[in-house]
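# Examination of the molecular architecture
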Amino acid sequence: MEYYFLLEIALIFVATKLLGILCKKIHLPEVVGALIAGIIIGPSLIGIVNFEGDSGVFLEYAAEVGVVLLMYGAGLETDIKELKSNALASFIVAAIGVVVPLGLGAGSYALFFHENIMESTELLKCIFVGVVLTATSVSITVQTLREMGKLKGAVGTTILGAAVIDDILGIIVLTIVTSMADPSVEIGSVFIKIGIYAVVLVVLYIIVKFSEGFLATRDGKRRASIFGMAFCFILAFGSEELFGIADITGAYFAGLMLCNSKISDYLDHRVETINNHFFSMIFFASIGIKATFSGMGLNMWIFAIILTLVAIISKLFGCGLGARASKFSWKESIQVGVGMVSRGEVALIVASKGQQVGLIDGELFAPIVIMVIVTTLITPILLKVAFKDKPEKEATA
């Protein structure tokens, strides 16, 4: 038996934690440190960790579990009540914030690589690049707004709500596009499957609500966390295998069904403890490990710059326009737009799914990682600038 994977896990843990601590000290999200750690220990630089052989297979599986638990945790953290308070504005911001990046992302890829959009496979690749740009990282934006004391105002609430909604919309688009990537699947059958899937989710939600009393008892908390994660994995598996829908979609909805339960905080804490100390560390590091910058030619570096600029501009303009349409002031609209710029872990999850189904080429993954790193780094800085000289009392929409 090969035991090298144990050393690789130890190296990933040490590297991600040290770089995460360093990033935290300079007021940057720890996920950036994990990404950079993967790049450093991966083939791009030192090359002491890779995804070859049996150990690579194990790391791939561990990273996949990390993805599923991340989306389960995101569902658990969703605040439905806060979402309802600015529902209309959040939906408008999210909808435009999905359409604009989707269009500009697909267009920039098609124009730069001279893709023939009349060919279905090439068109799907273009669209998928746009899908990657639709995502918004809730955690990074929320943490920055919390530190500035702006999370509870109209702008902060709208940003949070829109971020959640556009992730849901992005997941739906992701499901449709990845399903269409299989030439044996017809678009009609895709929508029928989604309809059946929606009915199944409603039935499962009813079952979960009836089971809540049993699981929420004091003695039942521990078993609730186990049953909750089991429910997450079952729904993730069923989504992928039975409906052709991404497993992360099932994981997210599993968390969403439990987010209003009395023990949602407890469930989230338990999942976060497990994931943050093992699986998610491997996942984020794996993204950097997979990114082979050494093989990037000048053409891909140029596209990385273009993709990053499109990522920033599309959210700033699209979400800002949505906020303005919702009767926010120009300054507030800019604040909303800036708050939606960061892509973070959600874009990485979407991109990794695209790579699995063949819609994201290996050489294209590095520019996407660069885009994620830059948008993650720049969002806290832009937020501080956008809220500069802002009166203490948050303006209302």
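Residues numbered from 1 in each chain as written. Predicted model: local features only at pLDDT ≥ 70, side-chain atom pairs only at ≥ 80, totals over all residues. Heavy atoms only, no water.

## Things to note about the overall build of the chain
The test is simple: Helix and strand assignments follow DSSP, with helices taken as H or I runs no shorter than four residues and strands as E runs no shorter than two, numbered in order from the N terminus. With a 1.4 Å probe rolled over the protein chains alone, any residue whose accessible area is under 20% of its type maximum counts as buried; one over 50% counts as exposed, and the rest are partly exposed. Whether two residues are in contact is decided by their heavy atoms: any pair within 4.5 Å suffices. Only the protein chains shown count as cover for residues, with accessible areas throughout obtained via the Shrake-Rupley method and a probe of 1.4 Å.
Secondary structure assignment for the chain yields 16 helices and zero strands. A total of 397 residues make up the chain; the buried ones form 53% of that total. For the chain, long-range pairs separated by at least 24 residues make up 81% of all intrachain contacts whose partners lie at least 6 apart in sequence. Split by element, the accessible area of the chain, about 18200 Å² in all, is 68% carbon and sulfur.

## Some words on the environment of A254
Along the chain, the position of A254 falls in helix α11 (residues 247-258). Taking the C-alpha atoms as reference points, A254 and L204, 50 residues apart in sequence, are found 9.0 Å from one another. Once residues lying within four places of it in the same chain are set aside, the contact partners of A254 are Y72, F231, C232 and L235.

## Topic: the nonpolar core
Burial of nonpolar side chains together is a common tendency in soluble globular proteins. Definition in use: For our purposes a nonpolar core is just a set of buried Ala, Val, Leu, Ile, Met, Phe, Trp, Tyr and Cys residues, chained together by side-chain atoms within 4.5 Å.
Of all hydrophobic cores here, the largest spans 91 residues; its most connected members are Y72, F283 and I368. Sort the elements by how many residues they give to this core and helix α3 (residues 53-77) lands first, with 10 residues. Not counting residues up to four positions away in its chain, the partners in contact with F283 are A63, V67, L70, L348, I349 and S352.

## With respect to helix α1 (residues 4-25)
Structural remark: α-helix, 3.6 residues per turn; residues separated by three or four positions point the same way. Short version of the rule: A helix's residues, less one, multiplied by 1.5 Å, set its expected span. The directions considered for the arc are those from the helix axis to the C-beta atoms.
The end-to-end C-alpha distance of α1 is 32 Å, a good match for the 32 Å that 22 residues give at a rise of 1.5 Å each. Among the residues making up α1, those that are buried are E8, I9, I12, A15, T16, L19, G20 and C23. Buried residues along α1 cover an arc of 140 degrees about the axis, so they all sit on one side. Seen from the open side of α1, the exposed residues pointing more than 90 degrees away from its buried face are L18 and K25. Close packing links the buried residues of α1 with α2 (30-41), α3 and α12 (264-290). Two residues or fewer after α1 comes H27, characterised by a positive phi angle close to 65 degrees.

## Quick word on the packing of helix α5 (residues 87-113) against helix α13 (residues 298-325)
As a reminder, the rule being used: Here an axis means a line fitted to C-alpha atoms, over the contact stretch when the element is a helix, while the angle between two N-to-C directions is reported on a 0 to 180 degree scale. For classification, angles of less than 35 degrees are called roughly parallel, those exceeding 145 degrees roughly antiparallel, those between 65 and 115 degrees roughly perpendicular, and all remaining angles oblique. Whether a crossing is left-handed or right-handed is set by the direction in which the near helix is turned from the far one by less than a right angle, anticlockwise for left-handed and clockwise for right-handed. As a working rule, the residues Ala, Val, Leu, Ile, Met, Phe, Trp, Tyr, Cys and Pro are called nonpolar, Asp, Glu, Lys and Arg charged, and the rest polar, with Gly in that last group.
Closest axis-to-axis distance for the α5/α13 pair is 8 Å, and the angle between their directions is 155 degrees. Put simply, α5 runs roughly antiparallel to α13. Like other packed secondary-structure pairs, α5 and α13 cross with a definite hand, here right-handed. Of the residues in the contact of α5 with α13, the class split is 18 nonpolar, seven polar and one charged.

## Some points on the side chain of T16
Under the convention used in this document: Distance and chemistry together define a polar contact, namely a pair of N or O atoms within 3.5 Å, with one atom able to donate a hydrogen and the other to accept it when in protein, and with adjacent residues in sequence counting only for side-chain atoms on both sides.
Along the chain, T16 turns up in helix α1. Note on T16: relative accessible area 6%, which makes it buried. Reaching out from T16, the side chain makes a polar contact with the backbone oxygen of I12 at a distance of 2.6 Å. Ignoring anything within four residues of it in the chain, the contact list for T16 reads A34, A37, M281 and A285.

## Notes on the packing of α5 against helix α6 (residues 120-134)
Orientation of α5 relative to α6, taken along the N-to-C sense of each, is 135 degrees, at an axis distance of 7 Å. Judged on the interaxial angle alone, α6 and α5 are oblique. Considering the relative orientation of α5 and α6, their crossing is right-handed. The residues of α6 that touch α5, namely those facing G97, V98, P101, L102, G105, A106, Y109 and A110, are K125, C126, I127, V129, G130, V131, L133 and T134. Across the contact of α5 with α6, the residue classes tally to 11 nonpolar, four polar and one charged.

## Considerations on α2
End to end, α2 covers 17 Å across 12 residues, agreeing with the expected 16 Å (1.5 Å per residue, within 8%). For α2, the tally of buried residues reaches nine of 12 residues, placing the bulk of the element in the interior. Taken as a whole, α2 has its buried residues at V31, V32, G33, A34, L35, A37, G38, I39 and I41.

## Digging into unusual backbone geometry
Backbone geometry places K327, a non-glycine residue, at a positive phi of 75 degrees. Within the secondary structure layout, K327 lies in the loop between α13 and α14 (330-339). For K327, a relative accessible area of 74% gives the class exposed.

## Quick word on the packing of aromatic side chains
How two aromatic rings sit relative to each other is given by the distance of their centres and the angle of their planes. Spelled out, the test is: Centre distance within 6.5 Å is the pairing criterion for rings of Phe, Tyr and Trp, where only the six-membered ring of Trp is used; planes under 30 degrees apart are then read as stacked, over 60 as edge-to-face, and the remainder as tilted.
All told, the structure shown has 11 aromatic pairs when counted by the stated rule. Centroid distance F5 to F58: 5.1 Å. Interplanar angle 55 degrees. Geometry classified as tilted. Here F5 is found in helix α1, whereas its partner F58 is found in helix α3, with 53 residues between them in sequence. Clustering of aromatic rings is evident, with ring pairs tying together Y109, F112, F113 and F303.

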